[in-house]
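These are the residues of each chain, in order.
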Amino acid sequence: MNRRYRKTIIAGNWKMNKTLSETRIFADELKSLMGRPKWCEVVLCVPYVNIQAATRLFKDCRVSIGAENCHYESSGAYTGEVSAEMLKELGVKYVVIGHSERRQYYNETDFTVNKKVHAALEAGLRPIVCVGESLEQRELGVTLELITYQVKCALSRVPAEKMRHVVFAYEPIWAIGTGKTATAQEAGEVCETIRTVIRKLYGARVARAVTVQYGGSMNPKNAQELLAQPDVDGGLIGGASLKPDQFVEIINAANQE
Ligand code: PGA
């Protein structure tokens, strides 16, 4: 973390978990456990159907609400899809773009990721852009090249003045939901690479202000060490964000003075 230049963001990614009633129970529990985080922003990215309730439930405890995806068009004949504009009007602040599960199961490509980044920024949402390598790619030694490619594609035609709204999440696919975590050094190296790519594209001042998260089995045990890396500015947390006590422990790790 480097709080001097950029915000630390702890974001939960609920994926396809929690009904409306479970969301209410989670909110009550979280509120009873969580203080007012001073040094980091807390975000919960929840299923579309829980967004409206969540914005109300978490209003008084400074938790921002995010969506887990959006479409790249603002409206039109796209049955079953939701636009960034629709999310904005519900009070959504963040939207996860290009999560590896969407790349894997729903044909998300670097090209659609770029279109969605533009759509999110256009609507006034902050995209959390996910990048990350598979185990095979890591073993082939192409991780940093791949990440560079993904970051460049995601940011194609994004103007410098919009960059303060963009968040990146480095999520090694082999670490998601597996209980395997990248070492702090591995996470730090890739997050640093993401910042280097941004620096080459936009200059040092823009690059140092961008929040770069780590995601992939982050939990109360490893959070502190990962967050101690200078280029790891928070986490995108799946499994551990479903349990209020674990999520609060990670928030606390990010919130230490
Ligand atoms: P995990 O998920 O924390 O359960 O590994 C992270 C993510 O997919 O964002």
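Presented here is a report on the structure given in the accompanying data block. Please read all numbers here as calculations on a predicted model, not as lab measurements.

Some points on the site of the ligand
Item 1. Taken together, 13 residues surround the ligand, and among them K15, H99, E171, G177 and S217 come closest.
Item 2. For the ligand, an oxygen atom lies 2.7 Å from a polar atom in the backbone of S217.
Item 3. G238 places a main-chain nitrogen or oxygen 2.9 Å from an oxygen atom of the ligand.
Item 4. Taking 280 Å² as the accessible area of the ligand by itself, protein coverage stands at 95%.
Item 5. A majority-of-atoms criterion places the ligand in the second largest pocket.
Item 6. Grouping the amino acids of the shell around the ligand by side-chain chemistry returns four nonpolar, seven polar and two charged.

What about empty space enclosed by the protein?
Item 1. The full count for this structure, using the stated rule, is one cavity of 30 Å³ or more.
Item 2. What lines the largest cavity is G98, H99, S100, R103, C130, V131, G132, E171 and I173.
Item 3. Every element with two or more residues in the lining of the largest cavity is listed here: α4 (100–105) and β5 (126–131).
Item 4. Tallied by class, residues from the lining of the largest cavity come to three nonpolar, four polar and two charged.

Re the layout of surface pockets
Item 1. Put simply, the largest pocket is a space of about 480 Å³.
Item 2. Around the largest pocket, the lining comprises 17 residues; the ones closest to its centre are K15, M16, E68, R102 and Y106.
Item 3. Counting residues per element, the ones that place at least two in the lining of the largest pocket are α2 (48–57) and α4.
Item 4. Looking at side-chain class alone, the lining of the largest pocket contains eight nonpolar, four polar and five charged residues.
Item 5. Roughly 210 Å³ of internal volume is contained in the second largest pocket.
Item 6. Contributing to the lining of the second largest pocket are 17 residues, with K15, G177, S217, G238 and G239 lying nearest its centre.

Overview of the nonpolar core
Item 1. In terms of nonpolar packing, the biggest core is built from 70 residues, with F58, F168, I194 and I198 touching the most fellow members.
Item 2. With eleven residues, the next largest nonpolar core counts C45, V96, I128 and A169 among its residues.

Remarks on the pattern of salt bridges
Item 1. If you walk through the whole model with that rule in mind, you get 13 salt bridges.
Item 2. Put simply, R138 and E186 hold a salt bridge, and the shortest N to O gap is 3.8 Å. Pair noted here: R138 is in helix α6 (residues 135–140) and E186 is in helix α8 (residues 184–202), with a separation of 48 residues, a long-range link.
Item 3. Within the structure, one salt-bridge network assembled from shared partners comprises R6, R195, D231 and D233.

Criteria and cut-off values
- Residues numbered from 1 in each chain as written.
- Predicted model: local features only at pLDDT ≥ 70, side-chain atom pairs only at ≥ 80, totals over all residues.
- Heavy atoms only, no water.
- Near = heavy atom within 4 Å.
- Polar contact = N/O pair within 3.5 Å; in protein donor to acceptor, adjacent residues only side chain to side chain.
- Areas by Shrake-Rupley, 256 points an atom, 1.4 Å probe, with all protein chains shown as cover.
- 1 Å grid on protein atoms, 1.4 Å probe; cavity = no way out; pocket = protein on both sides within 12 Å on 5 of 7 lines; lining within 4 Å.
- Sits in = over half its atoms within 2 Å of the grid points.
- Nonpolar A, V, L, I, M, F, W, Y, C, P; charged D, E, K, R; others polar.
- Points joined across faces, edges and corners; volume = space filled by probe spheres on them.
- Helix = DSSP H or I, 4+ residues; strand = E, 2+ residues; numbered from the N terminus.
- Core = buried A, V, L, I, M, F, W, Y, C linked by side-chain atoms within 4.5 Å.
- Buried < 20%, exposed > 50% of the residue type's maximum accessible area, 1.4 Å probe, protein only.
- Salt bridge = Lys/Arg side-chain N within 4 Å of Asp/Glu carboxyl O.

Treat this as a map of the structure, not an account of what it does.
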